[in-house]
Amino acid sequence: MESSDGRVLILVLVATVVFFVGRRFQRTVDAWLGWGKAVSAAAEAAAKITDAKSAAWSAVRGMVVAGAVTLVFLAVIVNAVRSG
């Protein structure tokens, strides 16, 4: 093997190693950024839990009131039909 062939082989080997290390670095950066976004999304979701819980309970109370009003209304209608 001549001296220039050895240099080309070393250059190709170094380029291959740099390529694979660069790909690994890019995956690491992407994973780190994804983790950061997941943490911030979890924090936002945790902050919304209290509001969502109170909204859900408010909706349940509203449904109970609507059901009670409907039952009273139906009772009045049935009583009016019986009396008439």
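Figured I'd write up the structure that's included with this text. (Residues numbered from 1 in each chain as written. Predicted model: local features only at pLDDT ≥ 70, side-chain atom pairs only at ≥ 80, totals over all residues. Heavy atoms only, no water.)

The secondary structure content of the protein chain amounts to one helix and zero strands. On C-alpha atoms alone, the protein chain measures out to a radius of gyration of 35 Å, which is more than a quarter above the 12 Å that the 2.2 N^0.38 rule sets for 84 residues. On the principal axes, the C-alpha backbone points of the protein chain span a range of 115 × 25 × 5 Å. Buried positions account for 1% of the 84 residues belonging to the protein chain. Side-chain charges in the protein chain split into 9 positive and 5 negative, and the spacing between the mean points of these groups amounts to 20 Å. (Helix = DSSP H or I, 4+ residues; strand = E, 2+ residues; numbered from the N terminus. Rg over C-alpha atoms; globule rule 2.2 N^0.38 Å. Buried < 20%, exposed > 50% of the residue type's maximum accessible area, 1.4 Å probe, protein only. Lys, Arg positive; Asp, Glu negative; His and termini not counted. Charge placed at Lys NZ, Arg CZ, Asp CG, Glu CD.)

For helix 1 (residues 3-83), built from 81 residues, the straight-helix expectation of 120 Å at 1.5 Å per residue is met to within 8% by its first-to-last C-alpha distance of 115 Å. Largest kink in helix 1: about 30°, centred on Ile49. (Expected span 1.5 Å × (residues − 1). Bend = angle between axes of the 7 residues up to and from the residue.)

We now examine the packing of aromatic side chains. Here the structure, examined in full by the defined rule, presents two aromatic pairs. Aromatic side chains Phe19 and Phe20 sit 5.5 Å apart centroid to centroid with 70° between the ring planes, which places their arrangement in the edge-to-face category. You can call Phe20 exposed: its relative accessible area is 55%. With centroids separated by 5.1 Å and ring planes inclined at 50°, the aromatic side chains of Trp32 and Trp35 adopt a geometry described as tilted. In this pair, Trp32 and Trp35 both sit in helix 1, three residues apart, roughly one turn of the helix. (Phe/Tyr/Trp six-rings, centres within 6.5 Å; stacked < 30°, edge-to-face > 60°.)

In short, shape yes, function no, at least from these values alone.
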